[in-house]
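# Summary of the model geometry
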Amino acid sequence: MIQYLTFLTRCFRLSFVGDWRYYLWMLFLSIVALLGLNAYCKQFVHGLATTGMTDQVSWGLYIANFTYLVGMAAAAVMLVIPVYIYRNRDLHNLVIFGELFAVAAIIMALLFVTVDLGRPERFHHLMLRFNFPISMLTWDVIVLNGYLLLNLHICGYLIYCAYCRRKPGKFFYYPFVFIAIAWAISIHTVTAFLYSGLGGRPFWNSAVIAPRFLASAFAAGPAFLILTLQVIRSTTDYTISDRALLTLRNIVTIAMTINMFLLGCEVFTEFYTDSAHVASAKYLFTGLGPHRGLVPWIWTAIGLNTVALLLLYLPVSRGLQFLNFACVMLIIGVWIEKGMGLIVPAFIPTPLGEIVEYIPTLNESLVSLGIWAFGLLVYTILVRVTVPVLFGRLSFDREYDPNALPEPLPH
Amino acid sequence: MSVRIWDGPSATLDDPQPPRMTRRSFLRGTTAAAGGLAALVAALNPLREFTQQDEFTLDQFLQKHYKEMTPEDMEKALARIRAEVEKRYGVRPHLRDVKPRAGVEFVYALNLSRCIGCRKCVYACVAENNQSRSPQIQYIRVIEMPRGTLDTEKGNHHYTHPKVPDINHFYMPVQCHQCANPPCVKVCPVEATWQEPDGITVIDYDWCIGCRYCEAACPYWARRFNFAQPDLAGDAINPDMSYLSNRPRPKGVMEKCHFCLHRTREGRLPACLEACPTGARKFGNVLDPNSEVAQILKTKRVFVLKEEVGTLPRFFYYFDERYPNSLDPEAVKIGQAIGCFPGSPAPEALA
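Each value, and the rule that gives it
Residues numbered from 1 in each chain as written. Chains lettered and ligands numbered in written order. Predicted model: local features only at pLDDT ≥ 70, side-chain atom pairs only at ≥ 80, totals over all residues. Heavy atoms only, no water. Helix = DSSP H or I, 4+ residues; strand = E, 2+ residues; numbered from the N terminus. Rg over C-alpha atoms; globule rule 2.2 N^0.38 Å. Buried < 20%, exposed > 50% of the residue type's maximum accessible area, 1.4 Å probe, protein only. Contact = heavy atoms within 4.5 Å. Areas by Shrake-Rupley, 256 points an atom, 1.4 Å probe, with all protein chains shown as cover. Axes fitted to C-alpha atoms, helices over the stretch in contact; angles between N-to-C directions. Parallel < 35°, antiparallel > 145°, perpendicular 65-115°, else oblique. Left-handed = near helix turned anticlockwise from the far one by under 90°. Salt bridge = Lys/Arg side-chain N within 4 Å of Asp/Glu carboxyl O. Pairing = 2+ DSSP bridges. Phe/Tyr/Trp six-rings, centres within 6.5 Å; stacked < 30°, edge-to-face > 60°. Polar contact = N/O pair within 3.5 Å; in protein donor to acceptor, adjacent residues only side chain to side chain. Nonpolar A, V, L, I, M, F, W, Y, C, P; charged D, E, K, R; others polar. Expected span 1.5 Å × (residues − 1). Core = buried A, V, L, I, M, F, W, Y, C linked by side-chain atoms within 4.5 Å.

### Details of the overall build of chain B
- If you tally the helices and strands in chain B, you get eleven helices and twelve strands.
- Against the 2.2 N^0.38 benchmark of 20 Å for 351 residues, chain B shows a C-alpha radius of gyration of 28 Å, more extended than a compact globule.
- Here chain B holds 351 residues, and 54% of them are scored as buried.
- For chain B, restricting intrachain contacts to residue pairs at least 6 apart in sequence, the fraction spanning at least 24 positions comes to 69%.
- Put simply, chain B shows about 15700 Å² of open surface, and 57% of that area lies on carbon and sulfur atoms.

This is the structure we're talking about:
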């Protein structure tokens, strides 16, 4: 117990150690996070009128980001499956970074739901009258928190074992890894059901929403990890092979292909049928009369995704520069497509046919940026602490020693 | 060569010793901590504007869900709300918890041949139910519809005529349909909204967490959210109020039409019905075979809006078969005499 507390204290202290670039990055994230906190305090005092949301478009940027981040969290499983099921060696020692990112992404997702609540201080009502299993939102509360706990346990256990320089007991984490695989798929499915179960919103009321969610998540998540792993590689002496990155590239390519295919299915069904259902899709892709707020966004997303996918198909993206370029485009493209492009149009027109557009306010954008900054701050600290522990530079029998030679973990 | 930031030899070549607390590093650490703390306090500064203490009382925080309250709990809650209303608006309200009556199921019927789109019902509702005036919340939306369709997407929500009706249109008021299979109730994660035995779907404003999932689920756009603290002048308050209906709402919670249950459960008619100048609105107990609504459902060709979404509304529309091609001329005459009320303010003005 005392050893565990020492571990936590040492990790906490270690999170303040780094060179000027580390400090600059952390300072930047802290400032943005504090700006977001400041904006949230304003929202807390004055209500959600500080956002661009209305009774017509009652969910916006917050729920869009929430949806996107649930996907990013689920994407860790794209590392877990190759390693634990297909025994992929390249990715073996990288899984932990995917799981740590899942932790950060879930924290961000939960924060985004919290800031969207009108009465966050009544959160305990969930514990007292839980509308389970009827409300999909209660399912979401369970699967998201469960997934957070699973990943906290798996990462925490492995890192603590490395700190103690002892071999992790398979019994203590293998079952959880396999539960987490199914669970990761469930968090995204349940979040999709949140939307697709509403008969009053034809734009969402489609069975393809859940598979589309999974496909886009399995593209954007590993794309983000490709970039992050390179940052880790260049800032630490942790070994990350190009082959591992290229394995991820394959995963991204396949997932993105499926995602584009499903998007095409959706577009065909909407526009070829051309029933009253199509109004929201028309608003999104072509605009309804003078109301064209999302048109530039969705075409930017489609452009980015198409170019990214073509790049991924071509051999040039075996080179890291092109691969990174494709990943950045894809991350942004999916963010638009799955965030703003999926949440907002469902509200336009309203079920009674009124057209009111939605533009996020500065305050709500600051809150969103703040949450992103906080999430990245959490992820940076987690990685910053994990790498030296895995190397044995911080262990039960010694304080942090940056000069120590990496010691292999006991197997 | 790549440079190691966090680990590895190159970052610490000048300093071969492991990190050690020196006076300099101590000072630096303290300054950084103090700076961080100051920044945190500055970020939290807007909370100081938080002056409406009555919004966050411990009593309200600990209050139980409506269905779990004992009569004593309810008395306590009512006393608290009475005191809050009196303090904020200077009016002593006649506040009570009106229970549903056995053998009653309320139903609304609306004669589209008689509705002239004057929007009197909209404003009678706002006055009766203590809705926020700024930003203005309205439970009833009247849609001007071209003839030959029931698709509300073809309608106009923001018509402005000095005189109504426009004889080439008909007018379709929409409010909560009090569905027998309500999607809003299904989705609420905390059971803050439910269907009462007399068919009215109600909201416990002290239980709602403001997630707006019900608002997304409603196919009739009948639910409203308090995006800001409702603005309601003291002389605009209707002191005749009940717990589940028209007592003043706090910011951050949902509200909607509740068939004026504080009136209708005590034998009176809804405010929108009383305000209607043409008698287009009919309300009553469908379980009573002699009631007007029971007769209408039996004899008129009634229909419900968006039957295909399977919500089973308790709000029925019908056209008067005597006037298959026009509005009731008598109602048109009334419309010419009274003029039209403005529609809802543009949403931009809300923010």
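### Digging into the packing of helix 9 (residues 209-235) of chain A against helix 14 (residues 362-391) of chain A
All names here are of chain A.
- The N-to-C vectors of helix 9 and helix 14 enclose an angle of 50°; their axes lie 12 Å apart at closest approach. If you check the angle between helix 9 and helix 14, you find them oblique. Pair helix 9 / helix 14 crosses with right-handed handedness. Mapping the contact onto sequence places Phe224, Leu225, Thr228 and Ile232 in helix 9 and Leu376, Tyr379, Val383 and Val387 in helix 14.

### A short note on the pattern of salt bridges
- One pass over the structure, following the stated rule, counts 35 salt bridges over all chains.
- For B:Arg141, the salt bridge goes to A:Glu354, with nearest N and O atoms at 2.8 Å. Pair noted here: B:Arg141 is in strand 3 (residues 141-146) and A:Glu354 is in the loop between helix 13 (320-343) and helix 14, and the two residues belong to different chains.
- For A:Glu354, a relative accessible area of 3% corresponds to the buried category.

### A look at the pairing of strand 4 (residues 169-174) of chain B
Residue and element names in this part refer to chain B.
- Most of strand 4 is tucked away, with five of its six residues classed as buried.
- In this sheet, strand 4 lies alongside strand 3 in antiparallel orientation, the contact comprising six bridges. Of the residues in strand 4, the one forming a bridge with arginine 141 is valine 174.

### Concerning helix 4 (residues 120-128) of chain B
Residues and elements named next belong to chain B.
- For helix 4, the complete set of buried residues consists of Cys121, Val122, Ala124, Cys125, Val126 and Glu128.
- In this structure, the buried residues of helix 4 make contact with strand 3, strand 8 (240-242), helix 7 (261-264), helix 8 (271-275) and strand 10 (281-285).
- Of the residues trailing helix 4, asparagine 130 is marked for its positive phi of about 55°.

### As for the packing of aromatic side chains
- Applying the stated criterion across every chain yields a total of 48 aromatic pairs over all chains.
- Aromatic pair A:Phe132 and A:Trp139: ring centres 5.0 Å apart, planes at 40°, arrangement tilted.
- Ring geometry for A:Tyr157 versus A:Tyr173: centroids 6.3 Å apart, planes at 35°, classification tilted. Of the two residues, A:Tyr157 is situated in helix 7 (residues 136-163) and A:Tyr173 in helix 8 (residues 170-196); the sequence distance between them amounts to 16 residues. Across the pair, exposure class does not vary: A:Tyr157 and A:Tyr173 are buried alike.
- Ring-pair connections join several aromatic residues into one group, and the members of that group are B:Phe106, B:Tyr108, B:Phe170, B:Phe259, B:Phe283, B:Phe303, B:Phe315, B:Tyr317 and B:Phe319.

### Focus: the interface of chain A and chain B
- If you look at the interface, chain A gives 69 residues, while chain B gives 70 residues.
- Joining chain A to chain B, the criterion identifies four salt bridges.
- Summed over the shared surface of chain A and chain B, the result is 31 residue pairs in polar contact (both at pLDDT 80 or more).
- When contributions to the side of chain A that touches chain B are tallied by element, the ones reaching two or more residues are helix 2 (20-46), helix 6 (125-128), helix 7, helix 8, helix 9 and helix 14 of chain A.
- Considering each element in turn, the side of chain A that touches chain B owes the most residues, ten residues, to helix 2 of chain A.
- Along the lines of polarity and charge, the residues of the side of chain A that touches chain B split into 33 nonpolar, 21 polar and 15 charged.

### Notes on helix 10 (residues 242-273) of chain A
- Spanning 32 residues, helix 10 of chain A covers 46 Å between terminal C-alpha atoms, matching the ideal 46 Å at 1.5 Å per step.
- Immediately beyond the C-terminal end of helix 10 of chain A, within one or two residues, lies A:Asp274, with a positive phi of roughly 55°.

### Digging into the packing of helix 9 of chain A against helix 13 of chain A
Residue and element names in this part refer to chain A.
- Direction vectors running N to C along helix 9 and helix 13 enclose 140°, while the axes themselves pass 9 Å from each other. Looking at the two axes, helix 9 sits oblique to helix 13. Judged by the twist between their axes, the crossing of helix 9 over helix 13 is left-handed.

### Considering the environment of A:Asp116
- Positionally, A:Asp116 belongs in helix 5 (residues 95-116).
- Given a relative accessible area of 2%, A:Asp116 falls into the buried group.
- A sequence separation of 46 residues divides A:Asp116 from A:Val70, and the C-alpha atoms of the two residues are 15 Å apart.
- What A:Asp116 contacts, discounting residues up to four positions off in sequence, is A:Leu48, A:Met53, A:Trp59, A:Tyr62, A:Ile63, B:Gly210, B:Cys211 and B:Arg212.

### Section: the sheet that holds strand 2 (residues 106-111) of chain B
All names here are of chain B.
- Within the open sheet, the four strands sit side by side as 10-2-12-11. Their pairing is mixed. Of all the strands in the sheet, just strand 10 and strand 11 (302-303) have a single pairing partner and so form its edges.
- Pairing of strand 2 with strand 12 (residues 315-318), which is carried by four bridges, proceeds in the parallel orientation. Paired with leucine 110 across the bridge in strand 12 is tyrosine 317.
- The strands that helix 9 (residues 292-299) touches are strand 2, strand 10, strand 11 and strand 12; relative to strand 10, the one it contacts most, it runs at about 110°.

### Concerning the nonpolar core
- By size, the foremost hydrophobic cluster in this structure holds 162 residues, and its most contacted members are A:Phe97, A:Trp204 and A:Leu330.
- With 15 residues, helix 7 of chain A is the single largest residue contributor to this core.
- Aside from chain neighbours lying at most four places away, what touches A:Phe97 is A:Leu225, A:Leu229, A:Ile232, A:Tyr238, A:Tyr379, A:Val383 and A:Val387.
- B:Met74, B:Tyr108, B:Met172 and B:Cys272 belong to the second-largest nonpolar core, a separate cluster that totals 62 residues.

### A few points about unusual backbone geometry
- With omega at 5°, the peptide bond leading from A:Phe132 into A:Pro133 counts as cis.
- Counting through the fold element by element, A:Pro133 comes out in the loop between helix 6 and helix 7.
- The backbone phi angle of B:Cys260 is positive, close to 45°, even though this residue is not glycine.
- Following the sequence through the fold, B:Cys260 ends up in the loop between strand 9 (254-256) and helix 7.
- The backbone of B:Lys306 shows a phi angle near 50°, a positive value even though the residue is not glycine.
- Relative to the helices and strands, B:Lys306 resides in the loop between strand 11 and strand 12.

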